[in-house]
Amino acid sequence: MTAWTITPERPDSPAAVALWRAYYTEVSDRWYLHHEGRRTDPAELAREIAARPGSELAPPTGRLLIARYDGEPAGCAGVRLLDPATAELTRVFVSEELRGRGGAALLVAAAEEAARALGAARIVLDTRTDLVEARALYARLGYTETARHNDDVYAEHWFRKELVS
């Protein structure tokens, strides 16, 4: 039987680094293809990945969760506290070949549990219009679209969910 497992890991672990590269490549390429008709320049991709190592997802105020499918790294999700009561969900990603097998919902549920463990009463996130699968996932999992909560130049939709214990 094939099973998903989800465990916290350091943002600089080999699995986390590989999944961050895959996530960032996909969302960056989708943005550039949509807006400029090209993929991300490799040098720009390398610079951006190096500039965003994920240290904000390390304890004590954050968590990075790695999903494995049949023992192989297959997805990730991160949470970090924005304030004592609010966590942000970020870097939700499942490898393309494993999408549709329930991993994303399991990752989000594990991230919500991690946010509760950090003391958060609510969780927020942002996403883009072209990430239609992500927006559908969040709506299906009880997130409601809300007003802007950050100034991220790439964010076009903001979501929120109250975390009840």
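Predicted, not measured: the structure shown is a model, and the values here were computed from it. (Residues numbered from 1 in each chain as written. Predicted model: local features only at pLDDT ≥ 70, side-chain atom pairs only at ≥ 80, totals over all residues. Heavy atoms only, no water.)

A. Here's a closer look at the overall build of the protein chain. Helix and strand counts for the protein chain come out as four helices and seven strands. Counted from the first residue to the last, the protein chain has its helices and strands arranged as β-α-α-β-β-β-α-β-α-β-β. For 165 residues, the compact-globule estimate of 2.2 N^0.38 gives 15 Å, and the C-alpha radius of gyration of the protein chain, at 15 Å, lies within 12% of that figure. Dimensions of the protein chain, computed from C-alpha atoms along their principal axes, come out at roughly 45 × 40 × 30 Å. (Helix = DSSP H or I, 4+ residues; strand = E, 2+ residues; numbered from the N terminus. Rg over C-alpha atoms; globule rule 2.2 N^0.38 Å.)

B. Looking closely at the side chain of D29. Secondary-structure assignment places D29 in helix α1 (residues 14-36). Among the polar contacts made by the side chain of D29, one reaches the main-chain amide nitrogen of T40 at a distance of 2.8 Å. Every residue in contact with D29, bar those within four places of it in the chain, is listed here: R38, R39 and T40. (Polar contact = N/O pair within 3.5 Å; in protein donor to acceptor, adjacent residues only side chain to side chain. Contact = heavy atoms within 4.5 Å.)

C. Quick look at the layout of surface pockets. Here the largest pocket defines a volume of roughly 1200 Å³. Secondary-structure elements contributing two or more residues to the lining of the largest pocket are α1, α2 (42-51), β4 (86-94), α3 (103-117), β5 (122-127) and α4 (132-140). Ranked by residue count, the leading element in the lining of the largest pocket is α1, at nine residues. A breakdown of the residues in the lining of the largest pocket according to their chemical character gives 21 nonpolar, seven polar and 16 charged. (1 Å grid on protein atoms, 1.4 Å probe; cavity = no way out; pocket = protein on both sides within 12 Å on 5 of 7 lines; lining within 4 Å. Points joined across faces, edges and corners; volume = space filled by probe spheres on them. Nonpolar A, V, L, I, M, F, W, Y, C, P; charged D, E, K, R; others polar.)

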